[in-house]
Amino acid sequence: LFAVSDAMPMEMAALAEPFAVGYHAVGLGERAIHLPLAAAKVAVIGGGPIGLGTAQILQSRGTQNILMAETSEARRASINAAGRFGTYDPRGQSRPPAASIDLVIDAYGGKSSREEAVRLVKNGGVIVHVGLSSGDGGVEYLHLTRSEISLLGSFAYTPVEFRETLDGLAAGIFGPIDWTEQRPLSEGAAAFAELDAGTVAAAKIMLKM
């Protein structure tokens, strides 16, 4: 159990879990790449709460060049408003060049996002796989071997990382977090349907009793 300050809104405290997942993934990637985060080109795939939180954590650590892949046009607008991130639709024609990214963090974790991560990463680069959408396909291991690409799995966080994330949220070091939406619990089923359809601009919908 972790104590939450009375001054911290519970809506903010509720974001500690997804942010801690991103905090752990960023730490793994930072230790694995061969240059400082401030000098690295980083891509985050998926603009949900873990993906967008990951991007804000990267920004708080000095990363200057952050690109986010998100299929939902509404969410891309929220991402653009949340920080200094470039955005693109990974299904579209304006994708970044192949082998152009030092560190890719896959916060979606499906076949299509793994394919995009492998396409994006430079020779000698790093992919951190966080998302748990599906476990099949998307990685061509001969390419990883020949290009000396590191593929790391990232799951959850340590108690220390959770505490540091909670403290960081309380201190506001990750920047403004205005990409959430609150709805009554009775609208939960409709909220999930809208998220699945990609029509919601918010990265996180919070259900309240």
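See above for the structure.
All residue numbers refer to position in the chain's written sequence, counted from 1. It should be noted that, the model being predicted, local features are given only for residues of pLDDT at least 70 and side-chain atom pairs only at 80 or more, the latter also being counted only at that level, while totals for whole chains, interfaces and linings use all residues. Water and hydrogen atoms play no part in the side-chain values, which are based on all heavy atoms of the structure.

(A) View of the overall build of the chain. Each helix is a run of H or I in the DSSP string that is no shorter than four residues. Each strand is a run of E no shorter than two, and both are numbered from the N terminus. Within the chain, the secondary structure is distributed over 8 helices and 8 strands. Atoms counted for the radius of gyration: C-alpha only. Globule rule: 2.2 Å times residue count to the power 0.38. Relative to the 2.2 N^0.38 estimate, which gives 17 Å for 209 residues, the radius of gyration of the chain is 17 Å and therefore close to what a compact globule would have. Taken along the three principal axes of its C-alpha coordinates, the chain extends 50 × 35 × 30 Å. Split into buried and exposed, the 209 residues of the chain put 47% on the buried side. Taking all contacts inside the chain whose residues are at least 6 apart in sequence as the whole, residues at least 24 apart take part in 62%. Working definition: with a 1.4 Å probe on protein chains only, accessible area under 20% of the residue-type maximum means buried, over 50% means exposed, and in between means partly exposed. Residue contacts are defined here by distance: any two heavy atoms, one from each residue, within 4.5 Å place the two residues in contact.

(B) Main features of the packing of aromatic side chains. Each Phe, Tyr or Trp ring (for Trp, its six-membered ring) is paired with any other whose centre lies within 6.5 Å, and the angle between the two planes then decides the class: stacked below 30 degrees, edge-to-face above 60, tilted in between. Using the criterion set out here, one finds 4 aromatic pairs in the structure. Their ring planes at 15° and their centres at 6.1 Å tell us that Phe19 and Trp179 sit as a pair that is stacked. Here Phe19 is found in helix α2 (residues 16-32), whereas its partner Trp179 is found in the loop between α7 (159-171) and β7 (180-184), with 160 residues between them in sequence. A centroid spacing of 5.4 Å and a plane angle of 40° characterise the contact between Tyr157 and Phe162, whose relative ring orientation is tilted. These aromatic residues form a ring-pair network of at least three members: Phe2, Tyr157 and Phe162. Here Arg61 stacks its cationic end above the ring of Tyr23, 4.7 Å away from the centre of that ring. Over a ring means this: the NZ of a Lys or the CZ of an Arg is within 6 Å of the ring centre and within 35 degrees of the ring normal.

(C) Spatial organisation of the sheet that holds strand β2 (residues 65-69). In space, the 6 strands of this open sheet follow the order β3-β2-β1-β4-β5-β6, with parallel pairing throughout. Across the chains shown, the open sheet's two edge strands, defined by having one partner strand only, are β3 (86-88) and β6 (150-153). Taken pair by pair, the neighbouring strands of this sheet meet at an average axis angle of 20°, ignoring direction. Strand pairing follows a simple DSSP-based rule, namely that at least 2 bridges must link the two strands. In the sheet, strand β1 (residues 41-45) pairs with strand β4 (residues 101-106) via 4 bridges, with the strands oriented parallel. Paired with Val44 across the strands is Ile105, a residue of β4. Note on method: axes are straight lines fitted to C-alpha atoms, helices fitted across the in-contact stretch only, with angles between N-to-C directions ranging 0 to 180 degrees. Where helix α3 (residues 49-60) meets the sheet, it contacts β1, β2 and β4, and its direction lies at approximately 175° from that of β2.

(D) Fine view of α2. One fewer than the residue count of a helix, multiplied by 1.5 Å, yields its expected span. An ideal rise of 1.5 Å per residue puts 24 Å on 17 residues; α2 measures up with 24 Å between its terminal C-alpha atoms. Within α2, 13 of the 17 residues are buried, leaving the element largely enclosed by the surrounding structure.

(E) Spatial organisation of a nonpolar patch on the surface. A grouping of Leu185, Phe192, Leu207 and Met209 is seen on the molecular surface, where their side chains present a nonpolar patch of about 500 Å² in accessible area. Tracing the backbone shows Leu207 in strand β8 (residues 204-208). Like-charged residues within 9 Å of one another, or nonpolar side chains (Val, Leu, Ile, Met, Phe, Trp, Tyr) within 5 Å, are grouped into patches, provided each residue has over 30% relative accessible area and no salt bridge. Here the open area of atoms and residues is found with the Shrake-Rupley method and a 1.4 Å probe, where only the protein chains shown may cover a residue. The salt bridge definition used is simple: a Lys or Arg side-chain nitrogen within 4 Å of an Asp or Glu carboxyl oxygen.

(F) Seen up close, the side chain of Thr63. Its location among the elements puts Thr63 in the loop between α3 and β2. There is a polar contact of 3.0 Å between the side chain of Thr63 and the backbone oxygen of Leu58. In this structure, Thr63 is in contact with Leu37, Ala38, Ala40, Val42 and Leu58, ignoring residues within four places of it in sequence. In protein, a polar contact means a hydrogen-donor-capable atom and an acceptor-capable atom, both N or O and within 3.5 Å, with residues adjacent in sequence counting only if both atoms are side-chain atoms; elsewhere, any N or O pair within 3.5 Å suffices.

(G) A look at the environment of Asn80. In this structure, Asn80 sits in helix α4 (residues 73-82). With relative accessibility at 41%, the residue Asn80 sits in the partly exposed group. C-alpha separation for the pair Asn80 and Met68, spaced 12 residues apart in sequence, amounts to 9.4 Å. Those residues in contact with Asn80 that sit more than four places away from it in its chain are Phe85 and Thr87.

(H) Highlighting the packing of α2 against α7. Look at α2 against α7: their axes get within 9 Å of each other, and the N-to-C directions meet at 115°. In the crossing of α2 with α7, the sense of the turn from one axis to the other is right-handed. Touching Ala16, Glu17, Phe19, Ala20, Tyr23 and His24 of α2 are Glu161, Phe162, Glu164, Thr165, Leu166 and Leu169, all from α7. Charged means Asp, Glu, Lys or Arg here, nonpolar means Ala, Val, Leu, Ile, Met, Phe, Trp, Tyr, Cys or Pro, and polar covers whatever is left, Gly included. Tallied by class, residues from the contact of α2 with α7 come to 7 nonpolar, 2 polar and 3 charged. Here is the rule for handedness: rotate from the far helix to the near one, and if that takes an anticlockwise turn smaller than a right angle the crossing is left-handed, while a clockwise turn gives right-handed.

Geometric values such as these leave the question of function open.
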